[in-house]
Amino acid sequence: MSDNCVFCRIAAGELPTTLLHTSPNTVAFRDLNPQAPTHVLVIPKRHHTDVAALATADPALAGEVLATAATVAQAEGLGANGFRLIFNTGRYAGQEVFHVHAHVVGGAPLGPMLVR
Ligand code: AMP
Ligand code: ZN
């Protein structure tokens, strides 16, 4: 737990959020500033900076984050038409919150993968 990490505080239940799903090691909640009709964030409860750090330190937990993302996508009705899973990692990707999170986005055609 990092005291000044907003997602650690959400995982600890210290900040209000739209909680969708919890498992023993993961939490899923709606993004405050949705970029698609469905935009959910999935995090491990334990703090890791980004997906690369998580995959190195705890590959099993990385798998749990993916499994929760798939569960949430199904529960949100994204199974039939598909969805995008995004892990912004570092400065060039525009990562803003340095507690690893998967963005699950869908609910409409998402357009090209990258805007240039
Ligand atoms: P990233 O640029 O990948 O680090 O994305 C961070 C995301 O976290 C953004 O989409 C924000 O809208 C979202 N966000 C930041 N604070 C909160 C919060 N308290 N609850 C829900 N989403 C948040
Ligand atoms: Zn954290």
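My aim in this report is to walk through the structure given alongside it, one point at a time. What you see is a predicted model, and the numbers here were worked out from it, not measured in a lab.

Considering the overall build of the protein chain
In terms of helices and strands, the protein chain carries three helices and five strands. Counted from the first residue to the last, the protein chain has its helices and strands arranged as α-β-β-β-α-α-β-β. The C-alpha atoms of the protein chain give a radius of gyration of 14 Å, which matches the 13 Å a tight globule of 116 residues would have. Across the 116 residues in the protein chain, those meeting the buried criterion constitute 34%. Here the analysis covers contacts within the protein chain between residues at least 6 apart in sequence; of these, 51% occur between residues at least 24 apart. Of the accessible surface of the protein chain, which amounts to about 6900 Å², a share of 54% is contributed by carbon and sulfur atoms.

A word on the coordination of the zinc ion (ligand 2)
Tetrahedral coordination by four donors places them ideally at 109.5 degrees to one another around the metal; octahedral coordination by six donors ideally gives 90 or 180 degrees. Every protein donor of the zinc ion (ligand 2) is accounted for by Cys 5 (SG), Cys 8 (SG), His 47 (ND1) and His 99 (ND1), and the metal-donor separations fall at 2.0 to 2.3 Å. For the zinc ion (ligand 2), the four donor atoms in the first shell make angles of 106 to 117 degrees at the metal, so the coordination geometry reads as tetrahedral. For the zinc ion (ligand 2), all donor residues lie on one chain, and their spacing in sequence is C-x2-C-x38-H-x51-H. Placement of Cys 8 in helix H1 (residues 6-11) and of His 99 in the loop between strand E4 (83-86) and strand E5 (102-106) is noted, with a sequence separation of 91 residues between them.

Here's the deal with the environment of Leu 32
Positionally, Leu 32 belongs in the loop between strand E2 (26-30) and strand E3 (38-44). The sequence separation of Leu 32 and Thr 17 amounts to 15 residues, and the corresponding C-alpha distance is 8.3 Å.

Description of the sheet that holds E5
Strand order in the open sheet made by the five strands is E1-E2-E3-E5-E4, with antiparallel pairing throughout. What marks the edges here is a single partner per strand, and that holds for strand E1 (19-22) and E4. Strand-to-strand, the axes of this sheet are offset by a mean angle of 20 degrees, without reference to chain direction. Relative to E2, E1 is paired through three bridges, and the arrangement is antiparallel. Within E2, the residue paired with Thr 22 across the bridge is Val 27. Across the sheet, helix H3 (residues 59-75) touches E1, E2, E3, E4 and E5, and the angle it forms with E3 is around 155 degrees.

Here's the deal with the site of ligand 1
Near ligand 1 you find 16 residues, and of these Asp 31, Glu 96, Val 97, His 101 and His 103 are the closest. The separation between an oxygen atom of ligand 1 and a polar side-chain atom of His 101 is 2.8 Å. Contact with the protein chains hides 85% of the accessible area of ligand 1, taken as 500 Å² for the molecule alone. Here ligand 1 occupies the largest pocket.

Examining the packing of aromatic side chains
The way to describe two aromatic rings as a pair is by their centre distance and the angle between their planes. Using the criterion set out here, one finds one aromatic pair in the structure. Measuring from ring centre to ring centre gives 5.4 Å for Phe 7 and Phe 29, while their planes differ by 75 degrees; the resulting arrangement is edge-to-face. Taken as a pair, Phe 7 in helix H1 and Phe 29 in strand E2 lie far apart in primary sequence, 22 residues in all. Here Phe 7 falls in the buried class, since its relative accessible area comes to 7%.

The rules behind the values
Residues numbered from 1 in each chain as written. Chains lettered and ligands numbered in written order. Predicted model: local features only at pLDDT ≥ 70, side-chain atom pairs only at ≥ 80, totals over all residues. Heavy atoms only, no water. Helix = DSSP H or I, 4+ residues; strand = E, 2+ residues; numbered from the N terminus. Rg over C-alpha atoms; globule rule 2.2 N^0.38 Å. Buried < 20%, exposed > 50% of the residue type's maximum accessible area, 1.4 Å probe, protein only. Contact = heavy atoms within 4.5 Å. Areas by Shrake-Rupley, 256 points an atom, 1.4 Å probe, with all protein chains shown as cover. Donors = N, O, S within 2.8 Å, 3.2 Å for Na, K, Ca; no water. Tetrahedral: all angles 85-135°; square planar, octahedral: opposite > 155°, others 65-115°. Pairing = 2+ DSSP bridges. Axes fitted to C-alpha atoms, helices over the stretch in contact; angles between N-to-C directions. Near = heavy atom within 4 Å. Polar contact = N/O pair within 3.5 Å; in protein donor to acceptor, adjacent residues only side chain to side chain. 1 Å grid on protein atoms, 1.4 Å probe; cavity = no way out; pocket = protein on both sides within 12 Å on 5 of 7 lines; lining within 4 Å. Sits in = over half its atoms within 2 Å of the grid points. Phe/Tyr/Trp six-rings, centres within 6.5 Å; stacked < 30°, edge-to-face > 60°.

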